[in-house]
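Observations on the model geometry
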Amino acid sequence: MRIVVLVSGTGSNLQAVIDAVKSGELDVEIAAVGADREGTYGVERSSEAGLDTFVVNFNSFPTRDEWDAALTAKVASYAPDVVVSSGFMRIVSPDFIDAFDGKYLNTHPALLPAFPGAHGVRDAMAYGVKVTGCTVHWADAGVDTGPIIAQEAVTIEPADSEETLHERIKVVERRLLVQTLAALAATPPK
Ligand code: GAR
């Protein structure tokens, strides 16, 4: 199974995938890692691992549509079986979703459909829920919507800050992402 991983930030979920491939736990080929901006730790991790790494810089395009078309073409050039949004903080167009229909996987730090968006951890804390978690799902054209593949709960402790809670969620999230990819590798989407 060939995957392209898209990142925007620190890329710790990407690192978990890289490590699992290296250790033999995960039998997938990381065809490339792509980012929407320069200079992120995720891009650095990818380069350090010797992976094909590209940036389609959101700010270098006059319109969102042009950025989206460039991203779609670049990702498609790797002919991936699965595209992983691993902390990729951009909404992609319905055209992107069509191009990778049923192949665009997203991971999110909340129990969807609760608390979608860029601040899933903060929003869960602000609401006052006592249990949150993470979700791995097939992404459709909405914001963190689409068929759920796997979820796991994480308890919010009274002393939690957004950072401590997000880090505990990420520990679970990294494992869930690797497990999900391992299960998919057995029968990649057509
Ligand atoms: C992850 O927790 C991921 O679920 C979240 O960004 C973080 C990226 O961490 N994504 C979203 O919030 C998408 N709505 P990482 O860069 O360390 O892998």
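Everything here concerns the structure above.
Here we summarise the structure given alongside this text.

1. With respect to the packing of aromatic side chains
Per the stated rule, a full pass over the model turns up 6 aromatic pairs. Judged by centre distance (5.7 Å) and plane angle (15°), the ring pair of F54 and Y78 falls under stacked. With F54 in strand β3 (residues 53-55) and Y78 in the loop between α3 (64-76) and β4 (82-85), the pair connects residues that are 24 residues apart, well separated along the chain. On the accessibility criterion, Y78 (10% relative accessible area) is buried. Relative to F100, the ring of F96 has its centre 4.9 Å away and its plane inclined at 55°; by these criteria the two rings are tilted. Look at F96 and you get buried, because its relative accessible area is 0%. Relative accessible area serves as the criterion here: at 4%, F100 is assigned to the buried category. Grouped by ring-pair contacts, the aromatic residues F58, W67 and F88 constitute a single cluster. Its end group placed over the ring of F58, R90 keeps NZ or CZ at 3.8 Å from the ring centre.

2. Considerations on the nonpolar core
Nonpolar side chains in soluble globular proteins tend to be buried together. Ranked by internal contacts, the top residues of the largest apolar core, which has 33 residues, are I3, V5, V17, V82, V84, L105 and L181. At the level of secondary structure, the elements contributing two or more residues to this core comprise β1 (2-7), α1 (12-23), β2 (29-35), β4, β6 (131-138), β7 (148-155) and α6 (162-186). Ranked by residue count, the leading element in this core is α6, at 8 residues. When sequence neighbours within four positions are dropped, the list of residues in contact with L105 reads V82, V83, V84, S85, V136, H137, W138, I149, L177, L181 and L184. Membership of the second largest hydrophobic core comes to 19 residues, among which are V56, W67, F96 and A139.

3. A closer look at the side chain of S8
Checked against the element boundaries, S8 lands in the loop between β1 and α1. The exposure class assigned to S8 is buried, which follows from its relative accessible area of 3%. Within the structure, S8 has its side chain in polar contact with the backbone nitrogen of M89 (distance 2.8 Å). In this structure, S8 is in contact with D36, R37, T40, G87, F88 and M89, ignoring residues within four places of it in sequence.

4. Some details on unusual backbone geometry
With an omega dihedral of 10°, the bond running from L112 to P113 counts as a cis peptide bond. Mapped onto the fold, P113 is located in the loop between β5 (104-108) and α5 (120-127). In the Ramachandran plot, F115 falls in the positive-phi region, its phi being about 55° despite a non-glycine side chain. You can see F115 is positioned in the loop between β5 and α5. Phi at D144 is positive, roughly 55°, even though this residue is not glycine.

Analysis parameters
In this convention, every chain numbers its residues from 1, walking through the sequence in written order. Where local features are concerned, this predicted model is filtered to residues with pLDDT of at least 70; where side-chain atom pairs are given and counted, the filter is 80 or more; whole-chain, interface and lining totals use all residues. Note: side-chain values were computed over all heavy atoms of the structure, leaving out hydrogens and water. For Phe, Tyr and Trp, rings pair up if their centres lie within 6.5 Å, where Trp contributes its six-membered ring, and each pair is then called stacked (planes under 30 degrees apart), edge-to-face (over 60) or tilted (otherwise). Each helix corresponds to a stretch of at least 4 residues labelled H or I by DSSP, and each strand to a stretch of at least 2 residues labelled E; elements are numbered beginning at the N terminus. With a 1.4 Å probe rolled over the protein chains alone, any residue whose accessible area is under 20% of its type maximum counts as buried; one over 50% counts as exposed, and the rest are partly exposed. Criterion for a charge above a ring: Lys NZ or Arg CZ within 6 Å of the ring centre, and within 35 degrees of the ring normal. In this text, buried Ala, Val, Leu, Ile, Met, Phe, Trp, Tyr and Cys residues form a nonpolar core when linked through side-chain atoms within 4.5 Å. By the convention used here, residues are in contact when the closest approach between their heavy atoms is within 4.5 Å. Between N or O atoms, a polar contact is any pair within 3.5 Å; within protein, one atom must be a potential hydrogen donor and the other a potential acceptor, and residues adjacent in sequence are included only when both atoms are from side chains.

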